[in-house]
Amino acid sequence: MSSLVAQPQRIVVIGNGMVGYKFCEKLVAKAQPSTIQITVFGEEPRPAYDRVHLSAYFSGTSAEELTMAPVEWYAENNINLHLGELVTSIDAATQTVTTHKGESISYDKLILATGSSAFVPPINGVEKEGVFVYRTIEDLDAMLEYAPKARTAAVIGGGLLGLEAAKAAVDMGLTTHVIEFASRLMPRQLDEAGSEMLKRKLESLGISIHLNKSTTAIIGETGVEKMLFADGSELEVDMIIVSAGIKPRDELAIKAGLAVGPRGGILVNDALQTSDANIYAIGESALHGGMIYGLVAPGYDMADTVVTNLLGGEKTFKGFDMSTKLKLIGVDVASFGDAFASPATSRSIVFEDKAKGIYKRINISEDGKYLVGGILVGDAGNYNMLLQTVQNKIILPQDPEDLILGSRGGAAESAGAGVMSLPDEALICSCENVSKGDICSTITDGTCTDVAGIKKCTKAGTGCGGCVPMVNDLLNATLKQMGKEVKKVLCEHFDYSRQELLDIVKVNNIRSYDELLHNHGRGDGCEVCKPAVASIMASTWNELILKQATIQDTNDRYLANIQKGGTYSVVPRIAGGEITPEKLIVIGQVAAKYSLYTKITGGQRIDMFGARIDQLPDIWEELINAGFESGHAYGKSLRTVKSCVGSTWCRYGLHDSVGFAIRVEERYRGLRSPHKLKGGVSGCVRECAEAQSKDFGIIATEKGWNLYICGNGGAKPQHAQLFATDLDTETCIKYLDRFLMFYIKTAEPLNRTATWLNKMEGGMEYLRQVIVEDSLGICDDLDREMEFMVNTYACEWKEVVNNPELRQRFQHFINTPEPDPSIRFKPERGQKVPVI
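Everything numeric in this text was worked out from a predicted model, so none of it was measured. (Residues numbered from 1 in each chain as written. Predicted model: local features only at pLDDT ≥ 70, side-chain atom pairs only at ≥ 80, totals over all residues. Heavy atoms only, no water.)

Draft legend 1. Quick peek at the side chain of Arg738. With respect to the helices and strands, the residue Arg738 is situated in helix H22 (residues 729–746). At 2.9 Å, the side chain of Arg738 and the backbone oxygen of Ile771 are in polar contact. Other than its neighbours up to four places away in sequence, Arg738 contacts Ile771, Cys779, Leu782 and Asp783. (Helix = DSSP H or I, 4+ residues; strand = E, 2+ residues; numbered from the N terminus. Polar contact = N/O pair within 3.5 Å; in protein donor to acceptor, adjacent residues only side chain to side chain. Contact = heavy atoms within 4.5 Å.)

This is the structure:
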């Protein structure tokens, strides 16, 4: 007796990149295991990995950490994975594929997820040693092996991929050039003004940008020596990375007789079927509606579409929004909706701050009701909300400029309130097709209580990661609506606030980031938690900041601010703005010896610009021998305490403001904090030291000193508020100690004192209760902790100057002490300035 048993559907996937993997993940998640039989062929020797974050490989992320899922995952899900095996032919008639090993396998449905390869322009000499493409981990390994022989690299291509490759070159310690054929960087995402702002930002980081350049030849005897351009110019380089775009991998489809586009790409319909109904194409190999999508999110949606249809559902692919947000070499760049909307059908609002490198443009419908698109450079913090405003056709506020300038004058919208106004169907994670409703329901039903849980449960934020801030906002806002306490964690790698982490570090005597992450965090860390933890370590132990060098910002890493042209500034401390003629002469001698540009700053000290990395220890050695010390102009710490001349010289002065400023500056020098700190001391109410625009300001009165706190200048100036009046000197110092230490212990990362106070429930009155009345019973601790910081202070530069091992870190190339040959200057008003 026989029985009819349904045979599983044989599904063969050619290609094990991100999209091919995602197809498998979605299929095994939705299908009954007995109904499918999956076979995957991948050319590369390793399973699918995250190409979006490939540049992280240069900063220490391993290939294993980039892997989407280990080999074991495929076995556990009954997927027959063939790695390092190339499919050489498809026989559509017999529905079989054959590999280079001679193996043939039959299919019921075939999925082409062959992806793309790097487009290499036909340039004479492109085959020479020293020319690389930027596509696979093997490409990166080859570049890393070659880089020690090179000093200068050029990247051909100024688009998304090209700038990622430029970051790789910078990470390898190479002097970097970007060669772009078009008249602007990222021409598919940015307009002229946005591109120019990005260009300036990258040039300020030492990257040379060459626009309107067509490479005609690569010259060299045995390897790369120089590039020739169509305009007759040339550029000497040791290494070239070609990242000029992608080319769909359609050769297998062509060989099988499938229809392809005139410029490549496998033609597919809305169901993503090729010209053979049993063969589908997804990802960067598919040509849909005349478009090849080079982003991962459309590929994931294609994968979901095919899975749905294979399992009996109905879904069509109708194209995809190409909005994107990236951090390119530390610079936020985003474009969304119709970024280049025509003036004939829309109006644009543009904000530009060249000093800070910020450019924002939003395009508004002709009737002023809707946002249709925009561009962000230098600050893309509002990207997610702006994108949702476009996609959900949210009616604009009366003053739409508030969308990029923030609320000015009215009550500021609290964080998270905006996201809750979105409809449930608003797509939050386009990579994984996760809506606001999907995310909020996992919170309200109790399934998830943190971002990590939401990512695991819904997959939101696991693709490009751009939606994670909005997922966090939704979590906080939803919990708040549920009446639950919202805990502000530092990031997804730590379930603690900055304040809690500071306590953990102190109580457990933790001295390194790795130890903290291993015992109290998870994952590999990120650009949020690494510098924040470095700041916590410095604020707790007051040890040399270079002990945390691998998790510091660039400025902290070299104890100097990087400037345009790739050089650094040298800023010795001049407490209270008081300096002797002898020290002035030393600064002049040092500046002349090293040919440094000099300028007196608003903080009453002298900056010296134009120092190379390798010169910094020698310069500082001379300054320290003359009695100077670090001015901490590079750190999130006390910068300066400005003063007027006070009662010593001024006929209006009531007290010695200079002497008090020096005492205060020397007391808090080197004090690491969540953001920079500035102070001021004025000898009378005329306020020549502008003390009320500082984080703390002290103004002389007939009876003593008035203390003002929590002010700042900058982009969002805010006057300091009067904290206490007519204080004697010692009481003023005591309150300052407690104020600063309470701020250091409780503020969120990168919050200045004004922002910290603005967020504080109870505001200034609460702060007075804590500091003056000791309402929390912590003043003894605050006093003791500040005394520890004062007594353990050491000049960071003095430590470096006297430590040969630390001095070795200050060189431009990792393989030679020679200086960067690309640094150039020109004379201007009797001094040198960088050539950009």
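That covers the picture; the talk isn't over yet.
Draft legend 2. Structural detail: unusual backbone geometry. Even without a glycine there, the phi angle at Asn78 is positive, about 60°. Tracing the sequence through the fold places Asn78 in the loop between helix H3 (71–76) and strand S3 (79–83). Looking at Asn78, the relative accessible area reads 62%, which means it is exposed. Although it is not a glycine, Cys710 sits at a positive phi angle of roughly 70°. Its location among the elements puts Cys710 in the loop between strand S34 (704–709) and strand S35 (721–727). Its relative accessible area of 0% is what places Cys710 among the buried residues. (Buried < 20%, exposed > 50% of the residue type's maximum accessible area, 1.4 Å probe, protein only.)

Draft legend 3. Structural detail: the domain arrangement of the protein chain. Split into domains, the protein chain comes out as domain 1 (9–115 + 249–311), domain 2 (118–247), domain 3 (498–552) and domain 4 (637–802). One C-alpha centre belongs to domain 2, the other to domain 3; they are set 36 Å apart. (Domains from an automatic or database assignment.)

Draft legend 4. Broad picture of the UniProt feature "binding site: siroheme" (unreviewed entry) in the protein chain. Within this numbering scheme, the UniProt entry marks Cys688 as carrying the feature "binding site: siroheme" (unreviewed entry). Inspection of the secondary structure puts Cys688 in the loop between strand S32 (677–682) and strand S33 (696–701). (UniProt positions renumbered as here; feature names shortened; annotations may be inferred.)

Draft legend 5. Spatial organisation of the packing of aromatic side chains. This structure, assessed with the given rule, holds 16 aromatic pairs. Plain terms: the ring middles of Phe723 and Tyr735 are 6.0 Å apart, the flat faces sit at 80° to each other, and that makes the pair edge-to-face. Pair noted here: Phe723 is in strand S35 and Tyr735 is in helix H22, with a separation of twelve residues, a long-range link. Note on accessibility: Phe723 and Tyr735 belong to one class, buried. Counting every residue linked through ring pairs, the aromatic cluster contains Phe739, Phe742, Tyr743 and Trp756. It is Lys583 that lies over the ring of Phe628; its NZ or CZ is 4.9 Å from the centre. (Phe/Tyr/Trp six-rings, centres within 6.5 Å; stacked < 30°, edge-to-face > 60°. Lys NZ or Arg CZ within 6 Å of the ring centre and 35° of its normal.)

Draft legend 6. Expanded view of the packing of helix H12 (residues 436–444) against helix H14 (residues 468–481). Two numbers describe how H12 lies on H14: the axes approach to 10 Å, and their chain directions differ by 45°. The angle between the axes of H12 and H14 places the two elements in the oblique class. Where H12 crosses over H14, the handedness of that crossing is right-handed. Of the residues in H14, those touching H12 at Lys436, Ile439, Cys440, Ile443 and Thr444 are Val471, Leu474, Leu475, Thr478 and Leu479. Tallied by class, the residues present in the contact of H12 with H14 amount to seven nonpolar, two polar and one charged. (Axes fitted to C-alpha atoms, helices over the stretch in contact; angles between N-to-C directions. Parallel < 35°, antiparallel > 145°, perpendicular 65-115°, else oblique. Left-handed = near helix turned anticlockwise from the far one by under 90°. Nonpolar A, V, L, I, M, F, W, Y, C, P; charged D, E, K, R; others polar.)

Draft legend 7. Layout of the side chain of Asp607. Here Asp607 shows up in strand S30 (residues 606–611). Look past the residues within four positions of Asp607 in its chain and what remains in contact with it is Val570, Val571, Tyr597, Thr598, Lys599 and Thr601.

Draft legend 8. Region of the structure containing the nonpolar core. Counting 75 residues, the largest nonpolar core has Phe23, Ile90, Val97, Leu112 and Ile282 as its most contacted members. Among the elements that take part in this core, helix H8 (residues 296–310) stands out by supplying eight residues, more than any other. Not counting chain neighbours up to four residues away, the residues in contact with Phe23 comprise Ile11, Val13, Ile111, Ile282, Ala303, Val306, Val307 and Leu310. Leu54, Phe58, Phe132 and Val333 belong to the second largest nonpolar core, which has 43 residues in total. (Core = buried A, V, L, I, M, F, W, Y, C linked by side-chain atoms within 4.5 Å.)

Draft legend 9. Structural detail: the environment of Leu776. Inspection of the secondary structure assignment puts Leu776 in the loop between helix H24 (763–771) and helix H25 (779–791). With near-sequence residues (within four places) excluded, Leu776 lies in contact with Phe742, Tyr766 and Val770.

Draft legend 10. Quick look at the pairing of strand S21 (residues 324–328). Examined bridge by bridge, S21 and strand S22 (residues 331–337) share five bridges and lie antiparallel to one another. Its bridge partner lying in S22, Lys327 is registered against Asp332. The antiparallel pairing of S21 with S22 creates a hairpin that spans two residues between the two strands, and Ile329 there sits at a positive phi of about 50°. (Pairing = 2+ DSSP bridges.)

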